[in-house]
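The lines below spell out each chain.
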Amino acid sequence: MNTSSSDARQAVSGLCISGSQALIESFLIEGVDTIFGYPGGAIIPVYDALYDYRDRIRHILVRHEQGAVHAAQGFARVSGRVGVCLVTSGPGATNTVTGLADALMDSTPLVLVTGQVGSSLLGTDAFQETNFVGITQAVTKWNCQVKRTEDIPGAIAKAFYIARSGRPGPVVVDITKDAQCGTAPFHYDKITAIRSYIPTPEPDMACIEQAAQRIDRATHPLVMVGQGVILGNAEKQLHEFLEKSGMPVASTLLGLSAVPTDSPQYVGMLGMHGNYGPNILNRSCELVVAVGMRFDDRVTGSPVHFAENAEVIHLEIDPAEIGKIIPADVPVAGDVRETLPLITERIARRDHSRWIEEFRQCARVEYDAVIRKAVHPEGGRIRMGEAVDAVARAYGNDAVLVTDVGQQQMFAARYFGFRRTRSLVTSGGLGTMGFGLPAAIGAKLGAPERDVVLFVGDGGLQMTIQELATIYQSKVPVKIILLNNAFLGMVRQWQQLFYHSRYSYTEMVNPDFGLIARGNGLGYRCVEQRGELAEAVAEMKNAPGAFLLEVRVESEENVFPMVPAGAPVSEIRFE
C-alpha cells in the first residue's frame, strides 16, 4: 500500500478537480504505485494529469497494449496486488482482449481503464470508437462505462473491490473523454460490500464435519492443490492441514509453489505432462481432497475415469466450480483460508508414509524412464530439460519462474523447483503464446527483490518481442532463457505423435536473436555446446542488467510423460 494514499485523500477530498485527476487520486487511495499502459487520443487527458504524479506513480510504457495486460498479470501474480493498465479507445482497447481473457481464466486481479470517445459521439462510429463494454462482457468479471466526471471515483472503488474480492479477476472501466475533462468535487469511499454480490460463501458446518469424518477414515487419500491456495494467501493453513493429516499432496500447474517441491509430502504435478505417480495412482485413491482448483481438462483427462474409485471433497471459493467437471461428494464452498482450519481442527493426526512411499516408487520409475534422459542426456544436442535444470541449480530453485506457453513451459514446470510461494507465473487456462516476456517485466517490477527468470520458445518470443524495448527503456533486469528449437515445438510434438509426423507449417526460420537483443540493450550469449552451458548460465546470472541467453536445443525433443488428450490420466505414456 502506498503510504501517501491517506494523505492524498485528505488533500483533495471535497476539492473540485478534473475527472482525470480524480482517476489518479482514486488509484493512489487504492495503493497503486505502478501502471502499465500506452497513450492515445481518447486517454490523453489522463496522461496529461499523470505527468504531475510522476513522483508517486511509476508508469511503464509498453510497446503493445496486450503487453500491458500481461505485464499487469505478472505484477499481480507475484505481489498479490491488483495489476493496473491504462490504454486508449478503439484498437488500443481491443488489443487488450487476449490479456483480459487470460486473466479471467487464471483468476488474476487487474483493473483496466480505457479511454472512450466523448459521450455525444457514442454510437456514431466515431474515429476509434468501439463498444468495448459489449466486447469485453465475456472476458471480464465486471465492466462499466463512465460518462460523468462525478461517477469516476465510485466506479474505480467498485472496480478494485470486485477485482480483488472472492475469486479474483479482470475488470474494465471505460471512461468517455468528456468525463475525463470535466470537473467535479472529489469524494472517494472504499467499497467493502455490494448488494447481491457475495464474493465468499459462508462455510456449511455440516459439510465441514463430513469432510473431517471422511478424511479420518481414508487410507489412500490425495490432496490436490490449485492456485486458489495462493490467491487466498492460505499457504500456512495448507501446511498445517498437511502436517496434521499426513496426506500426500500434488499440485496443478498454477498451484505450483504453494507447497515447496522438496516437502516430504509433495508427490508432483498433476495432469497431461505431470508426474507419473499422481497420475497413475489416481485410480488407487479412495479420497481426493481438492483445494482451490477447478479440475481443468488438462488435469483430469477423461473426467469419467478421473478418480473413479474415490470420494471427492472439493474446497472452492467459487460455488460454480464445485461439481462442474468432477462430482463432489462433499462440497465445501468458501475461502480456503477459513475452511481448511475448520477441517484441520476436527481431524485426527495421521501418518500416511507407507502410501506416500508408493508415489516415491513411481517417481523412481519416472526418473529411470524419462527424467534421467531429459536432464542428463548422453550425446546429441542440448535438451530443454537439462537447460532448465542448469538454471534451476544456479538459482538454488529460489527464483520467480516465468514461462511462455509450449514445450518450454512444461519442461520448466517439471524441472524447476520451488522453495517459496508466488514463484511461478505462467498462462494456464488460455495458454497464451506471447504471455511470457511482458509477464516477466511485470513480475520483476512486482517483486524487485527477487530474481526473475523467463523460459520462452522461439515462437512465443516473437509474438511479443517488441517488449524487449520496454525492458530497455524501463531498465528491468529480467533474465531470459530462449530455448530455440526452430519449431513450434508443442504443435510439432502432436503432429509427430498423432498426425504421422506431418509437420505442417510448424518449422520456424528465425531471425538473428543476438542482433535483436543487442539492439534493445540486452546482454546476449548463444550456446550450442553442452560443455558451455553452465558457464553461460553463470554469465547470465551475474550480468547486472537484462540478459538473453539463447540455447539452441534438440529440434525434435518431446515432453514426456504425456497423457493423450481426452484419455484417462492412468494411460500416461513415457514415449
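Scroll up to find the structure.
Below is a summary of the structure that appears in this document. None of these values were measured; they are calculated from a predicted model.

Cut-offs used in this document
Residues numbered from 1 in each chain as written. Predicted model: local features only at pLDDT ≥ 70, side-chain atom pairs only at ≥ 80, totals over all residues. Heavy atoms only, no water. Buried < 20%, exposed > 50% of the residue type's maximum accessible area, 1.4 Å probe, protein only. Helix = DSSP H or I, 4+ residues; strand = E, 2+ residues; numbered from the N terminus. Contact = heavy atoms within 4.5 Å. Salt bridge = Lys/Arg side-chain N within 4 Å of Asp/Glu carboxyl O. Pairing = 2+ DSSP bridges. Phe/Tyr/Trp six-rings, centres within 6.5 Å; stacked < 30°, edge-to-face > 60°. Lys NZ or Arg CZ within 6 Å of the ring centre and 35° of its normal. Polar contact = N/O pair within 3.5 Å; in protein donor to acceptor, adjacent residues only side chain to side chain.

### Remarks on helix α6 (residues 97-105)
Argument step 1. Buried residues of α6: G99, L100, A101, D102 and A103, and no others.
Argument step 2. In this structure, the buried residues of α6 make contact with α4 (65-79), β5 (110-116), α7 (132-136) and β7 (170-176).
Argument step 3. Directly beyond the C-terminal end of α6, a positive phi value near 55 degrees is found at S107.

### Regarding the pattern of salt bridges
Argument step 1. The final tally for this structure, using the stated rule, is 28 salt bridges.
Argument step 2. Two residues, R148 and E150, come together in a salt bridge whose shortest N-O distance is 3.3 Å.
Argument step 3. A relative accessible area of 43% places E150 in the partly exposed class.
Argument step 4. Measuring nitrogen to oxygen at the nearest pair gives 2.8 Å for the salt bridge that ties R167 to E321. In this pair, R167 is assigned in the loop between α8 (152-164) and β7 and E321 in the loop between β13 (311-316) and β14 (330-333), connecting sequence segments 154 residues apart.

### Details of the pairing of strand β12 (residues 287-291)
Argument step 1. Among the 5 residues in β12, 5 count as buried, and that is most of the element.
Argument step 2. Burial of the side chains of β12 extends over both faces: L287, V289 and V291 are buried on one face and V288 and A290 on the other.
Argument step 3. For strand β9 (residues 221-225) and β12, the ladder comprises 5 bridges, and the chain directions are parallel. Bridge assignment links P221 to a residue of β12, and that residue is L287.

### Details of the packing of aromatic side chains
Argument step 1. In the structure shown here, the tally under the stated rule is 11 aromatic pairs.
Argument step 2. Geometrically, the ring pair formed by F487 and Y503 is edge-to-face, given 5.6 Å between the ring centres and 75 degrees between the ring planes. Of this pair, F487 sits in the loop between β18 (479-484) and α22 (489-498) while Y503 sits in the loop between α22 and α23 (513-519), placing them 16 residues apart in sequence.
Argument step 3. Residue classification places F487 among the buried residues on the basis of a relative accessible area of 9%.
Argument step 4. Taking relative accessible area as the criterion, Y503 reaches 26% and is therefore assigned partly exposed.
Argument step 5. Centroid distance W494 to F498: 5.6 Å. Interplanar angle 70 degrees. Geometry classified as edge-to-face. Here W494 and its partner F498 are both found in helix α22, 4 residues apart, which amounts to about one turn of the helix.
Argument step 6. A residue is classified by how much of its surface remains accessible, and W494, at 24% relative accessible area, is partly exposed.
Argument step 7. Taking NZ or CZ as reference, R492 lies 5.8 Å from the ring centre of F487, over its face.

### Examining the environment of Q21
Argument step 1. Locating Q21 in the fold gives a position in helix α2 (residues 19-29).
Argument step 2. On a C-alpha basis, the gap between Q21 and S570 in space is 58 Å, while along the polypeptide they are 549 residues apart.
Argument step 3. The residues touching Q21, leaving out its near neighbours within four places in the chain, are A49 and Y53.

### A few points about the side chain of N275
Argument step 1. Checked against the element boundaries, N275 lands in the loop between β11 (266-269) and α13 (276-280).
Argument step 2. A distance of 3.1 Å separates the side chain of N275 from the side chain of E366, its partner in a polar contact.
Argument step 3. Among all residues touching N275, those that are not within four sequence positions of it are V267, G268, M269, E366, R414 and I572.

Remember, this is a structural readout, not a statement about activity or role.
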